[in-house]
Amino acid sequence: SGGPRPPARPPRGDSGLGAEFRRTMRKFKHHESKLLKKVNFYDWKSTRNVVENRILENFMIEDREDYTKYNKLAHRVSQLSAALRKMKPDDPDRIKMTEVLLNKLYAMGVIANPQSLEDCTDLPASKFCARRFAVVVWRTKFVRTLKEAVDLIKQGHFRIGPDRVSNPALHVTREMEDHIAWAIGSKVKKAVEEYKDEMDDFVLMGN
């Protein structure tokens, strides 16, 4: 017939978008090809993995997905902080949202100053890692090592308030931190207290 011919169908396994991309993509010039060969796109990924593995090891994070969630959350906080900074300082919405954000992050224990967005700029994921239950138990000197904290928490030797907690990854807020204690009836607690009493007697005797 004399009607318009339908457009040619792209080869099987090739999308129309991909075909269009190849048609419009010009060939690299010689100097561009040389420069491209020098760029190692895997180097950044490799470096990132090294840093990530070090953080997983330092905080004894067993589930990598936990760190991925911390990373995403930290990135969103940084993005929100940047957006707030672009608003006028006297904007009522900026003032209100800044107050809500800072108070929330301070209560969570991930920033030290609830009066400034400074701590929210480029907030590292490690700030969330540091609020894991096992890390807080270790940092508050209930135990000597982080591994010991992880093992004892899993075995049910710690509680927050009246509740026994066996999850080392639980996020601990500032308020929750004040209520961390040995679980009632914990044999480890008794052994630790006896050891502390012996050390106190040792010091009192002038040794």
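Owing to the predicted nature of the structure, the values given are computational and were not obtained by experimental measurement.

**Student:** Would you explain the environment of asparagine 167 in this entry?
**Tutor:** Here asparagine 167 shows up in the loop between strand S2 (163-164) and helix H9 (174-177). Look at asparagine 167 and you get partly exposed, because its relative accessible area is 40%. As for asparagine 167 and isoleucine 153, which are separated by 14 residues in sequence, their C-alpha atoms are 6.6 Å apart. Leave out the neighbours within four places in its chain, and asparagine 167 touches Phe133 and Ile153. A polar side-chain atom of asparagine 167 sits 3.0 Å from the main-chain amide nitrogen of alanine 169.

**Student:** Help me understand the nonpolar core, please; the structure alone is not making it clear to me.
**Tutor:** Generally speaking, a soluble globular protein has its nonpolar side chains buried in company with each other. If you look at the biggest cluster of nonpolar residues, it comprises 38 residues, and the most contacted ones within it are Leu105, Cys120, Phe133, Val137, Phe158 and Ile180. For this core, the secondary-structure elements that each account for two or more residues are helix H3 (41-58), helix H4 (64-86), helix H5 (92-108), helix H6 (126-129), helix H7 (133-139), helix H8 (146-154), strand S1 (158-160) and strand S3 (180-182). Those residues within four positions of phenylalanine 133 in sequence are excluded, and the remaining contacts are Ile153, Phe158, Ile160, Val165, Asn167, Pro168, Ala169, Leu170, Val172 and Ile180.

**Student:** Where do I start with H4 in this structure?
**Tutor:** Three or four residues apart is the spacing at which side chains of an α-helix point the same way, because the helix has 3.6 residues per turn. The end-to-end C-alpha separation of H4 is 34 Å, in line with the 33 Å expected for 23 residues at 1.5 Å each. If you check the start of H4, you find a side-chain oxygen 3.0 Å away from the backbone N of glutamate 65, and it comes from aspartate 63.

**Student:** Even after reading the chapter, I still don't get the sheet that holds S1, so can you show me in this structure?
**Tutor:** Within a sheet, each strand pairs with its neighbour through backbone hydrogen bonds, oriented either parallel or antiparallel. Reading across from one edge, S2-S1-S3 is the order of the 3 strands in this open sheet, with antiparallel pairing throughout. The outermost strands of the open sheet, each flanked by one partner alone, are S2 and S3. In the sheet, S1 pairs with S2 via 2 bridges, with the strands oriented antiparallel. By the bridge assignment, arginine 159 is partnered in S2 with arginine 164.

**Student:** What is the right way to look at the packing of H4 against H5 in this model?
**Tutor:** A pair of packed helices is characterised by two quantities: the angle between their axes and the separation of those axes. Axis separation between H4 and H5 bottoms out at 10 Å; the angle between their running directions is 150 degrees. In this view, H4 runs roughly antiparallel relative to H5, as classed from their interaxial angle. Viewed along their axes, H4 and H5 form a crossing whose handedness is left-handed. Contacts between H4 and H5 involve Val77, Leu80, Leu84 and Arg85 on the former and, on the latter, Arg94, Met97, Thr98, Leu101 and Leu105. Class assignment of the residues belonging to the contact of H4 with H5 gives a composition of 6 nonpolar, 1 polar and 2 charged.

**Student:** Explain H5 to me, please; I cannot follow it from the model alone.
**Tutor:** The end-to-end C-alpha distance of H5 is 24 Å, a good match for the 24 Å that 17 residues give at a rise of 1.5 Å each. Buried within H5 we find Arg94, Thr98, Leu101, Leu102, Leu105 and Met108. Along H5, the residues classed as buried sweep out an arc of 125 degrees about the axis, all on the same side. Summarising the geometry of H5, the exposed residues directed more than 90 degrees from the buried face are Pro92, Lys96 and Lys104. N-cap assignment for H5: the residue whose side-chain oxygen lies 2.8 Å from the backbone N of aspartate 93 is aspartate 91. Where H5 ends, the next residue or the one after it, glycine 109, has phi of about 90 degrees, a positive value.

Reading guide: rules and limits
Residues numbered from 1 in each chain as written. Predicted model: local features only at pLDDT ≥ 70, side-chain atom pairs only at ≥ 80, totals over all residues. Heavy atoms only, no water. Helix = DSSP H or I, 4+ residues; strand = E, 2+ residues; numbered from the N terminus. Buried < 20%, exposed > 50% of the residue type's maximum accessible area, 1.4 Å probe, protein only. Contact = heavy atoms within 4.5 Å. Polar contact = N/O pair within 3.5 Å; in protein donor to acceptor, adjacent residues only side chain to side chain. Core = buried A, V, L, I, M, F, W, Y, C linked by side-chain atoms within 4.5 Å. Expected span 1.5 Å × (residues − 1). Pairing = 2+ DSSP bridges. Axes fitted to C-alpha atoms, helices over the stretch in contact; angles between N-to-C directions. Parallel < 35°, antiparallel > 145°, perpendicular 65-115°, else oblique. Left-handed = near helix turned anticlockwise from the far one by under 90°. Nonpolar A, V, L, I, M, F, W, Y, C, P; charged D, E, K, R; others polar. Arc of directions from axis to C-beta.

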